[in-house]
Amino acid sequence: MSRFSTSSATALTIVLLAAQSGYSLPPTLKDAYKDDFLVGVAINRDIAMDTVAPADNVSRTQGRVDKDVALVKEQFNQISPENDLKWSLIQPRPGPDGYDFAPADAYVNFGVANHMYIVGHNLVWHSQVPDWVFRGTNPPPAQITPSMGFRREYSGPRASREELLQRMHDHIATVVGRYKGKIQVWDVVNEALSDNGTNLLRNSLWLQIIGPDFIAKAFEYAHEADPDAILRYNDYGLENPVKRRKLIALIKSLQAQGVPVMAIGTQTHVNVSSPTPEQEDQELTDLETLGLPIHVTELDVNGAQGGQRGFGADVASNGATTQGGLVSDADQRLAAQYANLFKVFLKHHNYVKVVTFWGVNDGVSWRQRGHPLLFDGNDQPKPAFAAVINVATEKSDSK
Ligand code: G3I
C-alpha cells in the first residue's frame with residue numbers, strides 16, 4: 001500500500017501547484033504565531049473521537065464533525081479537553097474501577113497523533129464533581145443521592161478531611177499517572193477564588209471539608225504523579241482588578257510555601273465591549289509580577305447584547321449572558337476586539353506562552369448564541385479570523 005493517502009497526495013499537489021504559480025497559501029493561526037506562542041483550541045468528544053457523541057452538549061452531523069476535525073488539525077498546535085477529563089466524566093464512580101477512560105484516551109491519542117501540545121483540564125474544581133467524592137462513608141441509605149451533580153452542590157453527610165484528601169490523591173495519581181509524558185500541562189486547581197466581597201477563596205466543599213490547604217495538596221499530588229508536567233492554576237475574571245489582586249495574593253502565598261505552581265491560566269471569557277486594550281495590558285503586566293508563564297486558557301469573545309457586562313464563566317449563568325441577540329456590527333466588533341487582544345498578547349510574548357480558544361467554532365461553543373469564535377458553525381472563517389492573522393503579519397512586516 002502507498003505511504004500516502006489520497007488526501008495527502010491531493011494536498012501535496014495543491015502545494016506544488018501553488019508554489020509553481022507563485023501563489024502562497026493563506027497562513028494558519030499556528031503558523032502566524034509560531035515564533036510567539038502556541039495557538040490551541042478546546043475540543044469536545046465529537047472531535048476527539050471523530051464521531052457524533054451523545055454525551056456532548058452540542059448537536060453536530062458526522063459531516064460537520066469531520067470538518068471540525070480537519071479545521072482543528074489545520075489551524076492549531078495545542079488542544080485542551082472541553083469536558084472529558086473533568087472528574088464527573090473520567091471517574092463517575094468511586095474506586096479503581098470507577099473510571100471511564102475511553103473518551104480521555106481518545107483525546108490524548110488525538111493530540112499525540114497530530115503532534116500537538118496537550119493540556120489536561122482539570123483536576124480539582126467545585127463544579128462537575130460527582131456526589132460520591134464528598135460523601136461520608138456509611139451514610140444512612142436515604143441520604144444517598146445518585147446524581148452526577150453538575151449544577152447543584154452535594155448536601156448529604158460529608159467525608160472527613162482525611163477521606164477527601166485520600167480520594168483527591170488517588171484521583172490525581174491515577175489520572176496524571178496514566179497520561180504521564182503525554183499531557184504536558186495540567187489545570188491542577190480551577191476557579192478556587194471567590195467572586196464575592198473580601199473572601200479570598202470560594203466557599204466550595206473542598207474548602208469546607210479540607211480547608212484552604214486543599215490547593216497546596218492538589219499541586220503536591222500532581223507533582224508527585226508527573227514531576228515533568230507544568231502545573232497551572234486556572235481562573236476567570238482576572239480582567240477585573242479586584243479578582244486579580246486575589247489571584248496574586250493566592251499565588252504569592254503558594255510560592256512562599258514552596259508549592260509547585262508553574263503557570264497562571266487566565267481564562268479570558270471576555271466580550272466585545274471589554275476589556276479595553278489598556279485593561280488587558282494592565283492585566284498581563286500585573287500577572288507578570290508573579291514571574292510565571294501566562295497561558296490564555298479559554299479565550300472567547302461574547303457578541304451577545306446580554307453578555308457585555310462582567311467576565312463570568314459559570315455555565316448556569318451563561319443563558320442570561322447570551323440573551324438579546326447580537327450587538328450591532330457584531331462581526332466587525334468581534335474582529336476589532338480580537339485584534340486588540342492579540343496585539344496585547346504579542347506585546348507580552350515573553351510571558352504569554354499559550355493562547356487557547358474555548359471551542360473551534362460558534363456551532364460548538366458553550367456560548368454559541370454569542371457567536372464568540374473565529375469560525376462560524378460551518379467552519380468558515382469570520383472577519384475576526386483575518387483580523388487575528390493580520391496582527392501577526394503586521395508584526396512580521398515591521399521587524
Ligand atoms: O454528560 C452529560 C450528558 O450525559 C447529557 O446527555 C448532556 C445533556 O445536556 O449533558 C452532558 O453534560 C454536559 C457537559 O457539559 C458535557 O457535555 C453538561 O450538561 C454541561 O453543563 C457541560 O457544560 C460545560 C461546562 O464547562 C460545565 O461546567 C461546557 O461544555 C464547557 O464549555 C464549560 O467549560 C468551562 C471550563 O471547564 C471552566 N471554565 C469555564 C468554562 C465555561 O463554563
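Nothing here was measured: the structure is a model prediction, and the numbers come from that model.

What follows is about the environment of His 269. Tracing the backbone shows His 269 in strand 7 (residues 269-271). Look at His 269 and you get buried, because 27 C-beta atoms sit within 10 Å. Setting aside residues up to four positions removed in sequence, His 269 forms contacts with Tyr 236, Glu 298, Asp 300, Phe 311 and Ala 313.

Attention now moves to unusual backbone geometry. At the junction of His 121 and Asn 122, the peptide bond is cis and its omega measures out at 0° in the coordinates. Within the secondary structure, Asn 122 is located in strand 3 (residues 117-124). Cis geometry marks the peptide bond from Ser 274 to Pro 275; its omega dihedral reads 5°. As for its placement among the helices and strands, Pro 275 is situated in the loop between strand 7 and helix 11 (277-288). Even without a glycine there, the phi angle at Glu 191 is positive, about 60°. The residue Glu 191 is located in the loop between strand 4 (185-190) and helix 8 (205-210) in this model. Among the residues examined, Glu 191 registers 23 C-beta atoms within 10 Å and is labelled buried. Unusually for a residue other than glycine, Thr 268 sits at a positive phi of about 65°. Mapped onto the secondary structure, Thr 268 falls in the loop between strand 6 (263-266) and strand 7. When the 27 C-beta atoms within 10 Å are taken as the criterion, Thr 268 is described as buried.

Now for the packing of helix 7 (residues 161-178) against helix 9 (residues 214-225). Put simply, helix 7 and helix 9 touch, their axes get as near as 9 Å, and they point 35° apart. Of the two possible hands of crossing, helix 7 and helix 9 adopt the one that is right-handed. Where helix 7 abuts helix 9, its residues Leu 165, Met 168, His 169, Ile 172, Ala 173, Val 176 and Gly 177 lie against Lys 217, Ala 218, Tyr 221, Ala 222 and Ala 225. Residue composition of the contact of helix 7 with helix 9, grouped by class: nine nonpolar, two polar and one charged.

Take the packing of helix 13 (residues 330-347) against helix 14 (residues 383-397) next. Contact geometry of helix 13 with helix 14 gives a least axis separation of 8 Å together with a crossing angle of 30°. The orientation of helix 13 relative to helix 14 falls into the category roughly parallel. Between helix 13 and helix 14 the crossing geometry is right-handed. On helix 14, the residues touching Asp 331, Gln 332, Leu 334, Ala 335, Tyr 338, Ala 339, Phe 342, Lys 343 and Leu 346 of helix 13 are Pro 383, Ala 384, Ala 387, Val 388, Val 391 and Lys 395.

Two faces, one strand: in a regular strand the side chains alternate between the faces of the sheet. Of all eight residues in strand 3, seven are buried; the element is thus mostly enclosed. The pairing of strand 3 with strand 4 spans four bridges and is classified as parallel. Within the sheet, the bridge partner assigned to Val 119 lies in strand 4 and is Val 185.

Analysis parameters
- Residues numbered from 1 in each chain as written.
- Predicted model: local features only at pLDDT ≥ 70, side-chain atom pairs only at ≥ 80, totals over all residues.
- Helix = DSSP H or I, 4+ residues; strand = E, 2+ residues; numbered from the N terminus.
- Buried ≥ 20, exposed ≤ 12 C-beta atoms within 10 Å, placed from the backbone.
- Contact = placed C-beta atoms within 7 Å.
- Axes fitted to C-alpha atoms, helices over the stretch in contact; angles between N-to-C directions.
- Left-handed = near helix turned anticlockwise from the far one by under 90°.
- Nonpolar A, V, L, I, M, F, W, Y, C, P; charged D, E, K, R; others polar.
- Parallel < 35°, antiparallel > 145°, perpendicular 65-115°, else oblique.
- Pairing = 2+ DSSP bridges.

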